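What follows is the residue order along each chain.
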Amino acid sequence: MNISPAQRATQVSDIPRWNKAVFNAALILNGIVAYCILHADRLYVDDLGRVHSGYTGWTGDGRPLTTLVMQSLNMGTPLTDLTPLPQVLAVLLLAWCAMLVARKFEIRDTATAMLAAFPLGASPFFLENLSYKFDVLTMVLAMSLAVAAVCETPWRGRRMGWGVLCLLGTLCLYQPSLNAFLVFGVLEFLYLMWRDAAPGMLVRQAMGRLAQVAAAMIPYKIIAAVILRNTYASYHAALLRPGEWSALSDNVLSYWELIREGLSETGSWPLRAALILGLALALVFGLRYAAHAWRFCGMAGRIGRLALALIVPAALALSAMGPLLFLSEAVIEPRIMVGIGALISASLVLLCILWRETIPWPRLQRYGLWPLLGLPAYSMLLLAAVYGYAMLAQNGYEHRISASLADDFVNINQRYAARGIQLEHYVLNGTAGYPPVLNLTMKKYPFLRRLVPIYLTSGWGWVRDLLGQYRMRETMDTLPGSLSEAVSHQCDNPPVRITANYQLYVVGSIVVVSFNNAMQCTFDQLQQPVAPIRHLGIPKGQLPQ
């Protein structure tokens with residue numbers, strides 16, 4: 001029986017469901033990226049608080065399945081750091097995604113399949129997600145379910161309900177991962193166009209996938225209305241109102257500026273080239289689809305196909321941002337750009353489809369793709385290695401300063417206590433910055449400034465949790481009023497301690513930690529007579545020298 005290309009595109013692939021070769025290859029490649037982050041052994045932002053108190057808090061962020069998964073993995077609460085178990089499970093899931101992509105789009109060569117799916121978990125924007133010790137597994141699981149919803153569930157028939165469940169799970173694990181489904185949904189649409197599917201089939205595919213999204217969003221909105229309690233999450237989850245639609249273009253520009261920033265690094269030109277090539281190939285696929293039916297269509301059909309050819313590349317690009325575009329207070333951070341890794345992967349898959357069906361020579365068809373796909377893969381490995389090095393250096397740098405601060409605070413407190421003066425709190429002025437060893441790295445890779453946080457920064461809550469590892473958690477003064485008041489008076493007295501990274505001043509009962517990049521006191525300021533500051537506890541004349 002003869003089978004049309006369009007029918008073959010909708011049938012189950014003859015590639016085995018369990019492709020051991022692709023799985024093992026993807027496991028090794030993604031494992032290298034995970035190792036680059038693991039060997040830095042740095043607690044990443046929220047991890048600082050969770051390692052102290054073991055709290056969950058994800059349910060209030062609209063992520064109830066994340067709470068369930070992590071509580072189950074920990075066999076109860078409070079949560080503890082299980083590194084490297086979540087990272088190992090996450091790498092296994094990324095390898096599974098590579099198998100799904102290979103089977104869905106009939107990529108039979110092991111190396112080609114591995115390299116085409118690699119950006120899903122190794123894009124520069126996903127490095128932040130992989131850095132969370134407590135969140136990494138659920139973020140990767142959310143993206144894996146989104147990919148599986150396209151690659152393993154149909155867009156028609158009864159089984160499309162499994163796709164709805166996958167998407168509901170994605171939303172309850174990590175909402176931005178929904179964009180991976182949208183990107184691969186558009187990729188599936190382009191694959192059908194390449195197979196010359198009938199217009200009616202294209203319409204049914206698009207409506208089916210959108211119906212799956214809607215069917216998952218409706219129950220999730222109900223769930224979120226009940227459980228969403230976190231102020232930060234509620235503020236950033238609000239959608240645009242009818243009078244705020246002008247902010248839509250602002251969101252588009254902000255996200256694309258973030259993408260441009262992330263892909264303008266030294267060595268990231270293969271990723272930029274892959275994105276541009278992917279959008280160009282989407283246009284080529286659309287024009288080819290219009291050309292194949294040009295003779296048999298009326299004027300309306302020709303106009304419709306040309307319009308479709310122009311719309312599909314835009315849809316592919318915008319799908320990477322998806323519902324994030326409609327947020328009134330969108331978070332512009334790399335960790336929510338899960339769709340960009342999917343977009344790069346989709347671009348490489350389009351190249352694979354075009355290459356295998358237009359190159360007539362078998363050897364060139366197989367081996368010619370390897371260098372084309374290998375360049376983006378090496379670029380991502382390079383950025384992951386540099387990122388891991390930067391995290392390692394920053395981790396050691398801040399911990400050395402924290403240990404020194406803890407010792408200085410104890411010593412200074414004892415000196416003042418001997419004179420009957422109790423120093424109750426400390427505040428930070430400025431930021432510790434990056435270690436000198438990272439100066440060249442940060443200059444060459446400026447996007448790392450977004451990915452490598454500086455915890456020792458005035459006004460940032462995670463300072464308390466970092467210094468809590470050195471028994472200083474309960475002595476930090478976090479009141480902005482006290483901070484500004486103490487800092488404004490830090491030059492009333494000479495510093496009681498000077499190190500290579502900071503100076504310590506005593507203002508009343510507060511120790512001001514003034515980092516080198518903060519405004520330092522001049523000699524003239526220190527010689528100026530000042531009035532006593534009784535409201536801070538201790539007049540200037542009573543301070544020990």
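Residues numbered from 1 in each chain as written. Predicted model: local features only at pLDDT ≥ 70, side-chain atom pairs only at ≥ 80, totals over all residues. Heavy atoms only, no water.

Remarks on the packing of helix 6 (residues 110–117) against helix 19 (residues 369–417)
At their nearest, the axes of helix 6 and helix 19 sit 9 Å apart, and the two run at 30 degrees to each other. By the angle between their axes, helix 6 is roughly parallel relative to helix 19. In the packing of helix 6 onto helix 19, the handedness of the crossing is left-handed. On helix 19, the residues that touch A111, T112 and L115 of helix 6 are L369, W370, L373, G374 and A377. In terms of residue class, the contact of helix 6 with helix 19 is made up of 6 nonpolar, 2 polar and no charged. (Axes fitted to C-alpha atoms, helices over the stretch in contact; angles between N-to-C directions. Helix = DSSP H or I, 4+ residues; strand = E, 2+ residues; numbered from the N terminus. Parallel < 35°, antiparallel > 145°, perpendicular 65-115°, else oblique. Left-handed = near helix turned anticlockwise from the far one by under 90°. Contact = heavy atoms within 4.5 Å. Nonpolar A, V, L, I, M, F, W, Y, C, P; charged D, E, K, R; others polar.)

Focus on a nonpolar patch on the surface
Taken together, the side chains of V203, M207 and L210 make up a nonpolar region of the molecular surface, amounting to roughly 310 Å² of accessible area. Summarising the element assignment, M207 is placed in helix 12 (residues 199–227). (Patch = residues over 30% accessible without salt bridge, like charges linked within 9 Å, V, L, I, M, F, W, Y side chains within 5 Å. Areas by Shrake-Rupley, 256 points an atom, 1.4 Å probe, with all protein chains shown as cover. Salt bridge = Lys/Arg side-chain N within 4 Å of Asp/Glu carboxyl O.)

Some thoughts on the sheet that holds strand 3 (residues 502–507)
The sheet built from 4 strands is open, its strands ordered 1-4-3-2 with mixed pairing. One side of each edge strand has no neighbouring strand; the edge strands of this open sheet are strand 1 (425–429) and strand 2 (497–498). In the sheet, strand 1 pairs with strand 4 (residues 510–515) via 5 bridges, with the strands oriented parallel. Of the residues in strand 4, the one forming a bridge with N429 is S514. Across the sheet, helix 19 touches strand 1, strand 2, strand 3 and strand 4, and the angle it forms with strand 3 is around 30 degrees. (Pairing = 2+ DSSP bridges.)

Considering helix 5 (residues 85–104)
For helix 5, which comprises 20 residues, the first-to-last C-alpha distance of 29 Å matches the rise-based estimate of 28 Å (1.5 Å per residue) to within 8%. For helix 5, the tally of buried residues reaches 14 of 20 residues, placing the bulk of the element in the interior. Where helix 5 terminates, the next one or two residues include E106, which has phi positive at roughly 55 degrees. (Expected span 1.5 Å × (residues − 1). Buried < 20%, exposed > 50% of the residue type's maximum accessible area, 1.4 Å probe, protein only.)

Overview of the packing of aromatic side chains
Inspection of the entire model under this criterion finds 9 aromatic pairs. With a centroid separation of 5.6 Å and 65 degrees between ring planes, the pair formed by F125 and F447 is classed as edge-to-face. Here the residue F125 occupies a position in the loop between helix 7 (119–122) and helix 8 (127–131), and F447 occupies one in the loop between helix 20 (439–444) and helix 21 (448–451), the gap between them amounting to 322 residues. Take F125: its relative accessible area is 0%, and that puts it in the buried class. Under the relative-accessibility criterion, F447 is labelled buried at 2%. Seen from their ring centres, F409 and Y426 are 5.7 Å apart, and the 70 degrees between their planes marks the pair as edge-to-face. Here F409 is found in helix 19, whereas its partner Y426 is found in strand 1, with 17 residues between them in sequence. Classification of F409 as buried rests on a relative accessible area of 10%. Site record: aromatic cluster; members linked through ring pairs are F105, F184 and Y191. (Phe/Tyr/Trp six-rings, centres within 6.5 Å; stacked < 30°, edge-to-face > 60°.)

Here we look at the side chain of N30
Mapped onto the fold, N30 is located in helix 2 (residues 20–38). Residue classification places N30 among the buried positions, given a relative accessible area of 7%. When near neighbours in sequence (up to four residues on either side) are disregarded, N30 contacts V91, L94, F118 and G121.

Looking at the side chain of T138
Secondary-structure assignment places T138 in helix 9 (residues 136–151). Reaching out from T138, the side chain makes a polar contact with the backbone oxygen of D135 at a distance of 3.0 Å. Non-local contacts of T138, meaning those with residues more than four positions away in its chain, are made with R63, T66, V69, M70 and L173. (Polar contact = N/O pair within 3.5 Å; in protein donor to acceptor, adjacent residues only side chain to side chain.)

Quick notes on the packing of helix 15 (residues 269–292) against helix 19
Packing of helix 15 against helix 19 leaves a shortest axis separation of 8 Å and a crossing angle of 135 degrees. As far as their axial angle goes, helix 19 and helix 15 are oblique. Once helix 15 is placed against helix 19, the crossing between them reads as left-handed. Contacts between helix 15 and helix 19 involve W269, P270 and L271 from the first element and L375, P376, S379, M380 and L383 from the second. Each residue belonging to the contact of helix 15 with helix 19 can be placed in one class, and the counts come to 7 nonpolar, 1 polar and no charged.

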